[in-house]
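These are the residues of each chain, in order.
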Amino acid sequence: MTNLNSTLPVKIKKMRVGRGIGSGKGKTSGRGVKGQKSRSGVAIKSFEGGQMPLYRRLPKRGFNPLKKDKIAIINLNKIQNLIESKRIDKDSQISIELLKKNKIINKSSHKIKILGLGEIKEKVNISVDFISKSAKEKIEKAGGSITLKKKN
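In this text, all values refer to a predicted model and were calculated from it rather than measured experimentally.

K.L.:
Report on the nonpolar core, specifying residues and quantitative values.
P.N.:
Ranked by size, the top nonpolar core spans 22 residues in total, and within it Ile74, Ile79, Ile88, Ile94, Ile112, Ile114 and Ile126 carry the most contacts. Elements represented by at least two residues in this core include exactly β1 (71–75), α2 (76–84), α3 (96–101), β3 (111–115), β4 (125–128) and α4 (133–141). Among the elements that take part in this core, α2 stands out by supplying four residues, more than any other. Once residues lying within four places of it in the same chain are set aside, the contact partners of Ile112 are Ile71, Ala72, Ile74, Ile96, Leu99, Ile105, Val128, Asp129 and Phe130.

Printed below as a string of C-alpha cells:
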C-alpha cells in the first residue's frame, strides 16, 4: 500500500515581508532602496513585465480612415501635354478608365479630380468625379464639356 501523503503537493508558507532582518525580507522588504518602485501604490504605466505592451502590439490607426477613397488629381496643363504628345485623343471622352488604361494615373485610384493649374486649348469631353471651379471655367471657355459622376 502506498503512502497518499507523499503524492500530494507540499504547501509552502507565504513569505511575510518586513518582519525583521533574520527573515531575509526585512528592512526594505525586497524593494531595493528608494525610488518610485520602492513606494506603495505605484505602478509603472503600461509596463507588462518586459512583454511587448498592448499599445505596441496593436496596429496604428490614428486619423487615417480605413475605407479611404484614393482620389487621383490631375491638372489641366497635364491634360494639355497628354493631348499634344498624342497619349490621349482629344475627341475621345477623358475618364478614369482611359487614364488608367494609358497608365497616366495609378490603377489603385478610385476617383479623379481635375484642378485648374495651367491652360487648356483643346475642346475636350471630360467625365470625372470632382472638378475645381477654375478648371470648370477654363474647360467651358475652351468649348469643352464636363460630366460629373453621381456621388455614392
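K.L.:
Explain the pairing of β4 to me, using residue names and the numbers behind them.
P.N.:
With two bridges connecting them, strand β2 (residues 93–94) and β4 associate as parallel partners. Pairing of Ile94 across the sheet is with Ile126, part of β4.

K.L.:
Which residues make up the side chain of Ser132, and what are the values?
P.N.:
You can see Ser132 is positioned in the loop between β5 (130–131) and α4. Ser132 gets classed as buried once you look at its relative accessible area, which sits at 16%. In this structure Ser132 touches Lys113, Ile114, Leu115 and Gly116, once residues within four positions along its chain are discounted.

K.L.:
Report on the pairing of β3, specifying residues and quantitative values.
P.N.:
Every second residue of β3 is oriented toward a common face, the buried set being Ile112 and Ile114 and the non-buried set Lys111, Lys113 and Leu115. As paired strands, β1 and β3 are joined by five bridges and run parallel to one another. By the bridge assignment for β3, Ala72 is matched with Ile112. One ladder, built from two bridges, connects β3 with β5; its direction is parallel. Residue pairing across strands places Ile114 opposite Ile131, the latter belonging to β5.

K.L.:
Give me the pattern of salt bridges: which residues, what numbers.
P.N.:
Under the counting rule described, the total for this entry stands at five salt bridges. A salt bridge links Lys121 to Glu84; the nearest nitrogen and oxygen atoms lie 4.0 Å apart. In this pair, Lys121 is assigned in the loop between β3 and β4 and Glu84 in helix α2, connecting sequence segments 37 residues apart. Looking at Lys121, the relative accessible area reads 62%, which means it is exposed. Glu84 sits in the partly exposed class, given a relative accessible area of 46%. With its nearest N and O atoms 3.7 Å apart, the salt bridge here joins Glu119 to Lys138. A residue pair is termed long-range when its members are at least 10 positions apart, and Glu119 in the loop between β3 and β4 and Lys138 in helix α4 qualify at 19 residues. By relative accessible area, Lys138 is classed as partly exposed at 22%.

About the criteria used
- Residues numbered from 1 in each chain as written.
- Predicted model: local features only at pLDDT ≥ 70, side-chain atom pairs only at ≥ 80, totals over all residues.
- Heavy atoms only, no water.
- Core = buried A, V, L, I, M, F, W, Y, C linked by side-chain atoms within 4.5 Å.
- Buried < 20%, exposed > 50% of the residue type's maximum accessible area, 1.4 Å probe, protein only.
- Helix = DSSP H or I, 4+ residues; strand = E, 2+ residues; numbered from the N terminus.
- Contact = heavy atoms within 4.5 Å.
- Pairing = 2+ DSSP bridges.
- Salt bridge = Lys/Arg side-chain N within 4 Å of Asp/Glu carboxyl O.

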